[in-house]
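Read off the chains here:
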Amino acid sequence: MKKIIAIITTMLLLMVGNVDAVSAQQLTKQQEKALQKDVKKRVKELKKAGWEPLASTQTLDYALLKYRTYIESDEENRIPITGIAIGRNNKIGRENAIHSGIASYAGRAKAQVVGKMKSVVSSDANNNSQEEIDRFGAAYESGVNARISGLVKEHFVLVRTAKDGTREYNVFMSIDETAARKAREEAARSAKEKTALGDLSQMVEEFIGEPVAPEE
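Here is a short report on the structure shown in this document. For clarity, every value in this text was computed on a predicted model and none was experimentally measured.

## Description of the overall build of the protein
Scanning the protein from N- to C-terminus turns up eight helices and four strands. Along its sequence from the N terminus, the protein presents helices and strands in the succession α-α-α-β-α-β-α-α-β-β-α-α. Across the 216 residues that make up the protein, the buried fraction comes to 41%. Residue pairs in contact within the protein that sit at least 24 positions apart in sequence constitute 72% of those at least 6 positions apart. Accessible surface for the protein amounts to roughly 12700 Å². Of this, 51% is attributable to carbon and sulfur atoms.

## A look at helix α6 (residues 130–148)
The terminal C-alpha atoms of α6, which comprises 19 residues, lie 27 Å apart, in line with the 27 Å expected from a rise of 1.5 Å per residue. Listing the buried residues of α6 in full gives Glu132, Ile133, Phe136, Gly137, Ala139, Tyr140, Gly143, Val144 and Ile148.

## Considering helix α3 (residues 29–48)
A rise of 1.5 Å per residue sets the reference length of α3, with its 20 residues, at 28 Å; its end C-alpha atoms lie 29 Å apart and thus fit the reference within 8%. Inspection of α3 places Glu32, Leu35, Gln36, Val39, Val43 and Leu46 among the buried residues, and these make up the whole buried set. Viewed end-on, α3 has its buried residues packed into an arc of 100°, placing them on one side of the element. More than 90 degrees from the buried face of α3, the exposed residues found are Gln30, Lys33, Lys37, Lys40, Lys41, Lys44 and Lys48. Remark: glycine 50 follows α3 within two positions and exhibits a positive phi of approximately 95°.

## As for the environment of glutamate 177
Tracing the chain through its elements places glutamate 177 in helix α7 (residues 177–193). Separated by 102 residues in the primary sequence, glutamate 177 and glutamate 75 place their C-alpha atoms 9.6 Å from one another. Setting aside chain neighbours within four positions, we find glutamate 177 in contact with Glu76, Asn77, Ile79, Tyr105, Arg184 and Pro211.

## Let's talk about the packing of α3 against helix α4 (residues 60–72)
Helix packing for two helices is described by the angle between their axes and how far apart those axes are. In contact at an axis separation of 10 Å, α3 and α4 are set at 135° when each is read in the N-to-C sense. The angle between α3 and α4 places the two elements in the oblique class. As α3 runs across α4, the sense of the crossing is right-handed. Each of Leu35, Asp38, Val39, Arg42, Val43, Leu46 and Lys47 in α3 lies in contact with α4, whose residues at this interface are Leu60, Asp61, Leu64, Leu65, Arg68, Thr69 and Glu72. Per-class residue counts for the contact of α3 with α4 are seven nonpolar, one polar and six charged.

## As for the sheet that holds strand β1 (residues 52–53)
On the basis of which strands lie adjacent, the open sheet formed by four strands has the order β1-β3-β4-β2 and antiparallel pairing. The sheet is open, and its two edges are formed by β1 and β2 (78–87), each paired on a single side. Inspection of the sheet shows β2 paired to strand β4 (residues 167–176) by ten bridges, in the antiparallel sense. Residue glycine 83 lies in a different strand from β4, and its bridge partner there is valine 171. In the packing of α7 onto the sheet, the strands contacted are β2 and β4, and the crossing angle to β4 comes to about 90°.

## Here we look at the nonpolar core
In this structure, Met117, Phe136 and Tyr140 are the most contacted members of the largest nonpolar core, which totals 39 residues. Secondary-structure elements contributing two or more residues to this core are β2, α5 (90–124), α6, β3 (153–161), β4, α7 and α8 (201–208). Broken down by element, this core gets its largest block of residues, eleven residues, from α5. Every residue in contact with methionine 117, bar those within four places of it in the chain, is listed here: Ile133, Phe136, Leu197, Leu200, Val204 and Phe207. Among the nonpolar cores identified, the runner-up in size contains 15 residues, and Val39, Val43, Trp51 and Phe156 belong to it.

## Looking at the packing of aromatic side chains
For any pair of aromatic rings, geometry is given as the distance between the ring centres together with the angle between the planes. Summed over the entire model, instances satisfying the criterion amount to four aromatic pairs. Measuring from ring centre to ring centre gives 5.6 Å for tyrosine 67 and phenylalanine 172, while their planes differ by 80°; the resulting arrangement is edge-to-face. One end of the pair, tyrosine 67, is in helix α4; the other, phenylalanine 172, is in strand β4, and 105 residues separate them in sequence. Side by side, tyrosine 67 and phenylalanine 172 carry an identical accessibility label, which is buried.

Cut-off values and rules
- All residue numbers here refer to positions counted from 1 along the written sequence of the relevant chain.
- pLDDT decides what is reported in this predicted model: residues at 70 or higher carry local features, side-chain atom pairs at 80 or more are listed and counted, and totals for whole chains, interfaces and linings draw on all residues regardless.
- To obtain the side-chain values, all non-hydrogen atoms of the structure were included, while hydrogens and water were left out.
- A helix here means a DSSP run of H or I that spans at least four residues, while a strand means a run of E at least two residues long, and both kinds are numbered starting from the N terminus.
- Buried, partly exposed and exposed residues are distinguished by accessible area as a fraction of the type maximum, computed with a 1.4 Å probe on protein chains only: under 20%, between the cut-offs, and over 50%, respectively.
- Contacts are assigned to residue pairs with any non-hydrogen atoms lying within 4.5 Å of each other.
- For the area figures, the Shrake-Rupley method with a 1.4 Å probe applies, and any residue is considered shielded solely by the protein chains shown.
- Take the number of residues in a helix, subtract one, and multiply by 1.5 Å to get its expected span.
- To be clear, the arc concerns the directions from the helix axis to the C-beta atoms.
- A fitted line through C-alpha atoms represents every axis, and for helices the fit uses only the stretch in contact; the resulting angles, taken between N-to-C directions, go from 0 to 180 degrees.
- Orientation labels follow simple angle bins: below 35 degrees gives roughly parallel, above 145 gives roughly antiparallel, 65 to 115 gives roughly perpendicular, and whatever is left gives oblique.
- A clockwise turn of the near helix away from the far one marks a right-handed crossing, whereas an anticlockwise turn of less than a right angle marks a left-handed crossing.
- Residues are grouped as follows: Ala, Val, Leu, Ile, Met, Phe, Trp, Tyr, Cys and Pro are nonpolar; Asp, Glu, Lys and Arg are charged; all remaining types, including Gly, are polar.
- At least two bridges found by DSSP between two strands are what make those strands a pair.
- The nonpolar core is taken to be a set of buried Ala, Val, Leu, Ile, Met, Phe, Trp, Tyr and Cys residues, with the residues joined through side-chain atoms within 4.5 Å.
- Any Phe, Tyr or Trp ring, taking Trp's six-membered ring, that has another such ring centre within 6.5 Å forms a pair; planes under 30 degrees apart are called stacked, those over 60 apart edge-to-face, and the others tilted.

Below, the structure is given as structure tokens:
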């Protein structure tokens, strides 16, 4: 069984293309073994909680191993995003889960930048008002949400059904950090045009360049 898992992992590393394969080669045997062990444990937890793949020919084991291999072969540029939604219709539930994941990313992007801006205002006694920063944050969050929608890559969706018939959808996605950063920069430029940040305007670019903190 271990040999079969090792073969599948190797195949997955090669399936992601020439550039991806170069990055994937950075995974050591020890890392691959740790990944397989962690995936096996996570799959067991998900199955126990009632999760199963939605309309997929792939098993949960294969889908999660493929996803984790893809992410961890280039962790700096492949950012995992997950979204959850409740519903009764598979199509609508899946779409709402995707929107939820994107909205969560945009919300974290806003919180990260706004938090740093307010910290500068507090420490440097800057005259920019809290309201102006909040106004920028709201416009920035909206801009990020709109711009990354077309950049997110969907990998697979899980679903579980409650006793009352409602379903919970969990979608696993990723986004390329280079593309995401460009989207954040565009959103920031647009948001700055709608606000009066003064001296803080020059600092925004530095804050925007930092990757968005992952989900806790």
